[in-house]
Amino acid sequence: MRGDAGGCRAALGEAERRVDVGQTGLPAEWLAGFDTGSFASEAALCLRELGDLIEAERQARQVVRIRAGDRVRSRVFGQLTLAHVLADAGRIDEAATIGREVCRVVPSLTSSRVLTRLEGLGAVLTPHRCLPEVAEFLLALPTACLGRDVTGVEWPV
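Residues numbered from 1 in each chain as written. Predicted model: local features only at pLDDT ≥ 70, side-chain atom pairs only at ≥ 80, totals over all residues. Heavy atoms only, no water.

### Structural notes on the overall build of the protein
Put simply, the rule reads: Put simply, DSSP marks the helices as runs of H or I at least four residues long and the strands as runs of E at least two long, and each gets a number from the N terminus on. Exposure is judged per residue with a 1.4 Å probe applied to protein chains only, and the accessible area is read against the type maximum: over 50% gives exposed, under 20% gives buried, and values in between give partly exposed. Contacts are assigned to residue pairs that have any heavy atoms within 4.5 Å of one another. All accessibility values rest on the Shrake-Rupley procedure with a 1.4 Å probe; residue burial counts only the protein chains present in the view.
Secondary structure summary: the protein contains seven helices and zero strands in total. Along the protein, helices (α) and strands (β) appear in the sequence α-α-α-α-α-α-α when read from the amino end. By residue count, 36% of the 157 residues in the protein fall in the buried class. Long-range contacts, defined here as pairs at least 24 residues apart, represent 60% of the contacts in the protein between residues at least 6 apart. As displayed, the protein has an accessible area near 8900 Å², and 55% of this comes from carbon and sulfur atoms.

Right, here's the structure in full:
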């Protein structure tokens with residue numbers, strides 16, 4: 001966010017090395033619960049901010065692949081990051097398709113952060129509502145968010 005691409009990449013490289021060390025049995029205390037999927041999720045966000053959409057997409061796809069099992073909320077965050085990266089890259093139809101997939105899962109979650117990011121994707125894609133994929137996503141969005149009052153939900157959300 002400071003615009004220091006070199007510093008950010010160096011920090012990401014160091015963090016990735018430390019996560020790899022954590023995977024080999026020598027975890028740092030601060031690393032507990034932080035795995036390669038967690039790293040990929042954070043890296044995708046950083047790389048998107050830097051404008052490195054190719055690497056951000058690769059990291060976001062890794063999150064989606066790693067979180068294919070029971071970590072639904074983490075997978076949804078990965079999908080939403082991927083959708084935003086694709087939208088940034090002008091791949092609007094792909095972003096909308098992923099948004100539609102997320103809409104099918106959201107009713108099983110109680111996460112204000114997920115809803116905020118999903119609604120943000122809707123705002124980004126709305127100017128492209130003439131595309132069929134976007135129109136379908138925008139039709140699914142209110143139903144996914146309908147009646148989802150998460151104001152009293154406690155951590156983790």
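### A word on the environment of I92
Among the secondary structure elements, I92 is positioned in helix α5 (residues 92–105). Not counting residues within four places of it along the chain, the set of residues in contact with I92 comprises L86, A87, L125, H128, L131 and V134.

### Quick word on helix α7 (residues 132–145)
Inclusion rule: Expected span of a helix, by definition, is 1.5 Å for each gap between consecutive residues, and there is one gap fewer than residues.
Here α7 contains 14 residues, and its C-alpha end-to-end distance of 21 Å stays within 8% of the 20 Å for a straight helix at 1.5 Å per residue. Among all positions in α7, only V134, F137, A140, L141, A144 and C145 are buried. Looking at the buried side of α7, the elements it contacts are α5 and α6 (112–125).

### Let's talk about the environment of E94
Short version of the rule: Counted as a polar contact is a pair of N or O atoms within 3.5 Å, where, for protein atoms, one must be capable of donating a hydrogen and the other of accepting one, and residues adjacent in sequence contribute only when both atoms are in side chains.
Mapping E94 onto the fold places it in helix α5. With 10 residues separating them in the primary sequence, E94 and H84 have C-alpha atoms 10.0 Å apart. Other than its neighbours up to four places away in sequence, E94 contacts R61 and L86. There is a polar contact of 2.8 Å between the side chain of E94 and the side chain of R91.

### Side note on the packing of α5 against α7
The condition is simple: Angular values range over 0 to 180 degrees, each being the angle between N-to-C directions of two axes fitted as lines to C-alpha atoms, with helices fitted over their stretch in contact. The scheme is simple: roughly parallel for angles under 35 degrees, roughly antiparallel for over 145, roughly perpendicular for 65 to 115, oblique for anything else. Crossing chirality is assigned from the near helix's rotation relative to the far helix, an anticlockwise turn below a right angle marking it left-handed and a clockwise turn marking it right-handed. Charged residues are taken to be Asp, Glu, Lys and Arg, nonpolar residues to be Ala, Val, Leu, Ile, Met, Phe, Trp, Tyr, Cys and Pro, and polar residues to be all remaining types, Gly included.
Running from N to C, α5 and α7 cross one another at 25 degrees; their axes reach a closest spacing of 8 Å. Considering the angle they form, α5 stands roughly parallel to α7. Considering the relative orientation of α5 and α7, their crossing is left-handed. Residues I92, D93, A96, T97, G99, R100 and C103 of α5 form the contact with α7, whose participating residues are E133, V134, E136, F137, A140, L141 and A144. Of the residues contributing to the contact of α5 with α7, the split by class is eight nonpolar, two polar and four charged.

### As for the nonpolar core
This is how the line gets drawn: To define a nonpolar core, start from buried Ala, Val, Leu, Ile, Met, Phe, Trp, Tyr and Cys residues and group those joined through side-chain atoms within 4.5 Å.
By size, the foremost hydrophobic cluster in this structure holds 28 residues, and its most contacted members are L80, C103, V106, V114, L118, L125 and F137. For this core, the elements supplying multiple residues, two or more each, are α4 (72–88), α5, α6 and α7. Setting aside chain neighbours within four positions, we find C103 in contact with L118, F137, A140, L141 and A144.

### Topic: the environment of G99
Residue placement: G99 occurs in helix α5. Considering only alpha carbons, one finds G99 and L82, 17 residues apart in sequence, at a separation of 9.6 Å. For G99, the residues in contact, after removing those within four places along its chain, are L118, L121 and F137.

Coordinates in, geometry out; function isn't part of it.
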